[in-house]
Structures are given as structure tokens and as C-alpha cells.
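Structural description and commentary
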Amino acid sequence: MTQVSLTNLIAGARAGLLVSFPTDTVPALAAIPEKAGLIFVAKQRSQDKPLILMAANAEDLWLYVKGNENEYKVWQEIAGRYWPGGLTLVLPASDRLPKVMNPIDPTTIGIRVPNSAIAQTILAQTGPLATTSANFSGQPPLQTMAEIEVQFPQVLIATTEYQSEVGVGVPSTVAKWTGMNWQILRQGAIKLEISTDNQI
């Protein structure tokens, strides 16, 4: 039985264990950034598919990226419009980011703040977590905690009382900063409208 209370899930995550919890998109498989390698192993995930750094608020994420003053202004403007929500921003990574989060290209990182009370409660107490959808690589995201429990028996999963909080079932939209503007890498939960204000 891998379902645990929120307190035990948070303690487990802090101790470096794999955890899973609902978000506003699809359920997350998560670990502290230094232990992100566990996610690649559990998912049988290729090293060239980086993970997302998820946090309870934007302030916790800006430390992990680096840019000039104008870039930060653009990034924060778009984050202010779409976060919390189903938008992942891929930005230049700072030295603070563990390379295991993105082994092939540690110069960038995807960051997101989920619009989910349960996810935010967990992230507020664990700090930013390395996350991805809960499924074996190449397969559709699992939608229920029961499915996750069967496929990932080693993972600590939020108990049934939290499982009523189901996301939209569609992964986040992913937008990458090119240095001048945004490139949509994946169209997902949010339809991104990029104005000339969001470019340099």
C-alpha cells in the first residue's frame, strides 16, 4: 500500500523519495531536484527529455533561471498572466539547477506553478520539485491515483481524500524563450496568446 497522508508524503519527498499527487493538468510524479534521476529510472525515460521544476509560487522558481533585466520583465509578465495554471516556461537555467534535471542540455529548465490547491500545499512545504506526468515514457499520462499505485508501487501517493481533485487530463502548454520571443514546443492545457509585449 503506497497511499500515505499528506504529512508523510511531504516528509517522504523531503527525504528524497518519489511521490505522486494531483495537479491542475495530469497527476505528477515528483522528487526533490537533486533526486530527479529517480524519475528517469522509474519512468524508463530518455535522458534527452528534461523534467519540469514545479513550485507553489513564481518567487521560488526565479532563482533557478537566469536572464537580463528585460528578459525577467517579459518572463514575469507572462507568468503573472498565466500562473498558477497549465503553462510551462522553458528558460535559461541558473547554476542553482541540478544538472540531473536536464542531463543532455542543463542550460535550460521548464518551470511551472500549478493551479491546484493540493499541489500548492505540498510544494509550499517541500520547495520546488522535479516533476513530470505519472506514466511510463511514451505511454499516455495516468489519470487516477489508483492507476499510478498499480504502475508505480514504489511511489508515495496522496491518499484517496485528495484524489477528487482531478486535473483537466491534458498536459501543460510548453513555451520556450528563444532570447527574443516565445516558441511553442507543445500546445496543451492553455492556449497561449503572445502579444508583441511578450517579446524583446
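Further up the page is the structure itself.
Presented here is a report on the structure given in the accompanying data block. (Residues numbered from 1 in each chain as written. Predicted model: local features only at pLDDT ≥ 70, side-chain atom pairs only at ≥ 80, totals over all residues. Heavy atoms only, no water.)

Now for the layout of surface pockets. Approximately 570 Å³ is the volume attributed to the largest pocket. What lines the largest pocket is a set of 33 residues, and nearest its centre among them are Arg45, Pro50, Ile52, Val174 and Arg186. For the lining of the largest pocket, the per-class residue count stands at 13 nonpolar, 14 polar and six charged. (1 Å grid on protein atoms, 1.4 Å probe; cavity = no way out; pocket = protein on both sides within 12 Å on 5 of 7 lines; lining within 4 Å. Points joined across faces, edges and corners; volume = space filled by probe spheres on them. Nonpolar A, V, L, I, M, F, W, Y, C, P; charged D, E, K, R; others polar.)

Strand order in this open sheet of ten strands is β1-β8-β2-β3-β7-β4-β6-β5-β9-β10, and the pairing throughout is mixed. Both edges of this open sheet fall to β1 (3-4) and β10 (182-186), since each of them pairs with a single strand only. Sheet topology note: the strand β4 (residues 52-54)/strand β7 (residues 129-133) ladder contains three bridges and is antiparallel. Residue Ile52 lies in a different strand from β7, and its bridge partner there is Thr131. (Pairing = 2+ DSSP bridges. Helix = DSSP H or I, 4+ residues; strand = E, 2+ residues; numbered from the N terminus.)

What follows covers the nonpolar core. Grouped together as the largest cluster of nonpolar side chains are 62 residues, with contacts concentrated most on Phe21, Trp62, Trp83, Leu89, Leu91, Ile111 and Trp182. With five residues, helix α3 (residues 69-82) is the largest single contributor of residues to this core. Not counting the four nearest positions on each side in its chain, Trp62 is found in contact with Tyr72, Trp75, Gln76, Ala79, Trp83, Leu91 and Ile111. (Core = buried A, V, L, I, M, F, W, Y, C linked by side-chain atoms within 4.5 Å. Buried < 20%, exposed > 50% of the residue type's maximum accessible area, 1.4 Å probe, protein only. Contact = heavy atoms within 4.5 Å.)

The next subject is helix α4 (residues 117-126). The complete set of buried residues in α4 reads Ile118, Ala119, Ile122, Leu123 and Thr126. The buried residues of α4 all sit within an arc of 120° when viewed along its axis, so they share a single face. Opposite the packed face of α4, turned more than 90 degrees from it, sit the exposed residues Ala117 and Ala124. Elements that come into contact with the buried residues of α4 comprise α1 (6-14), β2 (19-21), β4 and β7. Just downstream of α4 lies Gly127, where phi reads positive at about 85°. (Arc of directions from axis to C-beta.)

Let us now look at the packing of α1 against α4. α4 packs onto α1 with a crossing angle of 45° between their chain directions and a minimal axis gap of 10 Å. What the angle tells us is that α1 and α4 run oblique. Considering the relative orientation of α1 and α4, their crossing is right-handed. Residue-level inspection shows Leu6, Leu9, Ile10, Ala13 and Arg14 of α1 in contact with α4, the latter providing Ile118, Thr121, Ile122, Gln125 and Thr126. Among the residues making up the contact of α1 with α4, the classes are represented as six nonpolar, three polar and one charged. (Axes fitted to C-alpha atoms, helices over the stretch in contact; angles between N-to-C directions. Parallel < 35°, antiparallel > 145°, perpendicular 65-115°, else oblique. Left-handed = near helix turned anticlockwise from the far one by under 90°.)

Secondary-structure assignment places Gln3 in strand β1. For Gln3, a relative accessible area of 18% translates into the label buried. Polar contacts involving the side chain of Gln3 include one to the side chain of Glu149, which spans 3.2 Å. (Polar contact = N/O pair within 3.5 Å; in protein donor to acceptor, adjacent residues only side chain to side chain.)

Attention now goes to the environment of Ile39. Mapped onto the elements of the fold, Ile39 is located in helix α2 (residues 37-43). Owing to a relative accessible area of 0%, Ile39 belongs among the buried residues under this scheme. C-alpha separation for the pair Ile39 and Ala130, spaced 91 residues apart in sequence, amounts to 8.4 Å. Setting aside its immediate chain neighbours within four residues, Ile39 contacts Leu18, Leu29, Ala30, Ala31, Leu51, Ala130, Thr131 and Thr132.

Another point: the pairing of strand β5 (residues 87-92). Within β5, five of the six residues are buried, which leaves the element mostly enclosed by the surrounding structure. Here four bridges tie β5 to strand β9 (residues 173-177), and the two strands are oriented parallel to one another. When the bridges of β9 are listed, Thr88 appears paired with Val174. Strand direction decides the pairing type here: β5 and strand β6 (residues 108-112), joined by four bridges, are antiparallel. Paired with Val90 across the two strands is Gly110, which belongs to β6.

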